[in-house]
Amino acid sequence: MRTDLLQRLAARTRERTQADLLRRARTIDHAQGPWLEIGDRRLLGFCSNDYLGLAGNPQVIAAFKRVADDEGVGSTAAHLVCGHRREHAMLEEALADWTGRERALLFSTGYMANLGVMQGLLGRGDLCVQDKLNHASLLDGAALAGATLRRYPHGDATAAARQLAGMPGGAALLATDGVFGMDGDRAPLRDLVALCRREGVTLMVDDAHGLGVLGPAGAGSIAEAGLGAREVPVLMATLGKALGTHGAFVAGSATLIEGLTQFARTYVYTTAMPTALAAATLAAVHLARTEHWRRERLAALIARFRAGARQLGLPLAASDTPIQPLLLGDAARALAAARALEAQGLLVSAIRPPTVPAGQARLRITLSAAHEDEHVDRLLDALATLARRETGAPA
Ligand SMILES: *Cc1c(COP(=O)(O)O)cnc(C)c1O
């Protein structure tokens, strides 16, 4: 008798439920800025990646509508068939210019972009060295490409060097998040650049949480570190976070982009993103580059939150980015905290294993330029109430 696959899946789901690790999508009935409506409740959200508050920006919406009205919604084909429109080309040029690279290539999502880069660059027998806390799509990409994956302890360039030394000789890619999505800290880019240069290794940075937020004119964590295309030849970033739209891109030399156009299957064999989305994203890029007040506003909110949380003695992480996790440890405790905050009108996500390592469940608080000072104060008040309840102190 063969194993029944659906029964096996059901058993695994039951195990997750029993371990307080079941995941379930919440249906948001309506979203506006940081406000989310679920049924008849209006909640203040600290869980989106809309760091610059561009998702609901009128100019971004207008660009989307103009092109949708003009030529419809779907791009109707893959880029290499007839789906590649003027708006896609203009967006690729703008992204290359912003990040200081020769060219850029659009992908439908960040997940697909990372799979595509790995498919293009790596093959069986190659080595891919990655930070343990890298995004799942980078780890999956290396596996899909058939490369040998070696992971080093978070942020530890010396350990990365040891992984490389353990497999000398062959072709190797070192891939890291620029800003880590669940922790908010940065990769040691300058150390990794020095290591890659010494060892002849290609460096790839996934800057999903850095683009728009860090560096001069929001050009990202590589530019912030004073590095460029020569030091980091492969840059990937997403459009669904600080830019407030959807999709992703890879930027680098003309050689890289020409090669990915041939060999990144997640680029070749998929429908191009909607043209209107490319137009909306182009508007978002312009705003992200020029409206410095959004980054200044964000920095002020981050400082306000951290000062308040420190005063309350909360377990703050070493992060000065909009990702401000509060480490609670136990999955059940993180869930209970998220529920208690929701009862006070706030939506914050509890992040549990396997997204984070066992014993490191947390509240992942994210801030946005769309938040106001009083929103942060409300969050701090709610966290104070929660802390008092947990320690059993009188309210
Ligand atoms: C969100 C994210 C991705 C995936 O991007 P999507 O466009 O959401 O598929 C990849 N890498 C990192 C670091 C991310 O944070």
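Every value quoted in this text rests on a predicted model; they were computed, and no experiment measured them.

Interfaces are often sized by the amount of accessible area the parts lose when they come together. Its domain assignment divides the protein into domain 1 (26-49 + 292-391) and domain 2 (58-290). Averaged C-alpha coordinates put domain 1 and domain 2 at centres separated by 27 Å. In this assembly, 18 residues from domain 1 lie in contact with 19 residues from domain 2. A combined buried area of about 1400 Å² lies between domain 1 and domain 2, and 55% of that area is made up of carbon and sulfur atoms. For Arg362, the salt bridge identified is with Asp183, shortest N-O distance 3.1 Å. One can count nine residue pairs in polar contact (both at pLDDT 80 or more) joining domain 1 with domain 2.

Let us now look at the environment of Pro322. Inspection of the secondary structure puts Pro322 in the loop between helix H13 (292-311) and strand E11 (323-329). On the basis of relative accessible area, Pro322 is assigned to the buried category, the value being 1%. Between the alpha carbons of Pro322 and Asp50 there is a distance of 9.8 Å; along the sequence they are 272 residues apart.

This part is about the site of the ligand. Within the structure, the ligand sits among 13 residues, and Gly110, Tyr111, Asp206, His209 and Lys241 are positioned closest to it. His209 places a side-chain nitrogen or oxygen 2.6 Å from an oxygen atom of the ligand. Protein contacts shield 81% of the accessible area of the ligand, which totals 380 Å² for the unbound molecule. Of the residues belonging to the shell around the ligand, the class tally is two nonpolar, eight polar and three charged.

Side chains that are three or four residues apart share a direction in an α-helix, a result of its 3.6 residues per turn. Taking 1.5 Å as the rise per residue, H13 with 20 residues should run 28 Å; its terminal C-alpha atoms sit 29 Å apart, in good agreement. When we look at burial in H13, the residues that qualify are Arg294, Arg295, Leu298, Leu301, Ile302, Phe305, Arg306, Gly308 and Ala309. Take H13 and look down its axis: the buried residues cluster within an arc of 165 degrees, on one side only. Turned more than 90 degrees from where H13 packs its buried face, Glu296, Arg310 and Gln311 sit exposed. After H13 finishes, the residue Gly313 shows a positive phi value of roughly 70 degrees.

Another point: a positive patch on the surface. A grouping of Arg8, Arg12, Arg16 and Arg23 is seen on the molecular surface, where their side chains present a positively charged patch. Within the fold, Arg16 resides in helix H1 (residues 5-18). Judged by its relative accessible area of 32%, Arg16 falls in the partly exposed class.

All right, on to the side chain of Asp126 then. As for its placement among the helices and strands, Asp126 is situated in the loop between helix H5 (110-121) and strand E5 (127-131). Despite its burial, Asp126 pairs with no opposite charge, the nearest such side chain being Arg124 at 9.8 Å. Of note is the side chain of Asp126, whose polar atom sits 2.8 Å from the backbone nitrogen of Gly123. The residues contacting Asp126, other than those within four sequence positions of it, are Leu121, Ala147, Thr148 and Ala171.

With that out of the way, let us pick up the pairing of strand E9 (residues 234-238). Taking burial as the measure, the five residues of E9 include five buried ones, the bulk of the element. By the alternation rule, side chains of E9 split into Val234, Met236 and Thr238 and Leu235 and Ala237, which are all buried. Relative to E9, strand E8 (residues 202-206) runs parallel, the two being bridged by three bridges. The residue of E9 that forms the bridge with Asp206 is Met236. Across four bridges, E9 lies against strand E10 (residues 248-252) in antiparallel orientation. Its bridge partner lying in E10, Thr238 is registered against Ala248.

Tallied over the full model, the rule gives 13 salt bridges. Close ionic contact of Arg197 with Glu231 constitutes a salt bridge, the shortest N to O distance being 4.0 Å. Of this pair, Arg197 sits in helix H8 (residues 189-199) while Glu231 sits in the loop between helix H9 (221-224) and E9; the two residues are 34 residues apart in sequence, bridging distant segments of the chain. The residue Arg333 makes a salt bridge to Glu390 at a minimum N-O spacing of 2.7 Å. Linking Arg333 in helix H14 (residues 331-343) with Glu390 in helix H15 (residues 373-391), this pair joins segments that are 57 residues apart in sequence. Among the charged side chains, a network of salt bridges with common partners joins Arg297, Arg304, Asp373 and Asp377.

Criteria and cut-off values
- Residues numbered from 1 in each chain as written.
- Predicted model: local features only at pLDDT ≥ 70, side-chain atom pairs only at ≥ 80, totals over all residues.
- Heavy atoms only, no water.
- Domains from an automatic or database assignment.
- Contact = heavy atoms within 4.5 Å.
- Buried area = accessible area lost by both parts, 1.4 Å probe.
- Salt bridge = Lys/Arg side-chain N within 4 Å of Asp/Glu carboxyl O.
- Polar contact = N/O pair within 3.5 Å; in protein donor to acceptor, adjacent residues only side chain to side chain.
- Helix = DSSP H or I, 4+ residues; strand = E, 2+ residues; numbered from the N terminus.
- Buried < 20%, exposed > 50% of the residue type's maximum accessible area, 1.4 Å probe, protein only.
- Near = heavy atom within 4 Å.
- Areas by Shrake-Rupley, 256 points an atom, 1.4 Å probe, with all protein chains shown as cover.
- Nonpolar A, V, L, I, M, F, W, Y, C, P; charged D, E, K, R; others polar.
- Expected span 1.5 Å × (residues − 1).
- Arc of directions from axis to C-beta.
- Patch = residues over 30% accessible without salt bridge, like charges linked within 9 Å, V, L, I, M, F, W, Y side chains within 5 Å.
- Lys, Arg positive; Asp, Glu negative; His and termini not counted.
- Charge placed at Lys NZ, Arg CZ, Asp CG, Glu CD.
- Pairing = 2+ DSSP bridges.

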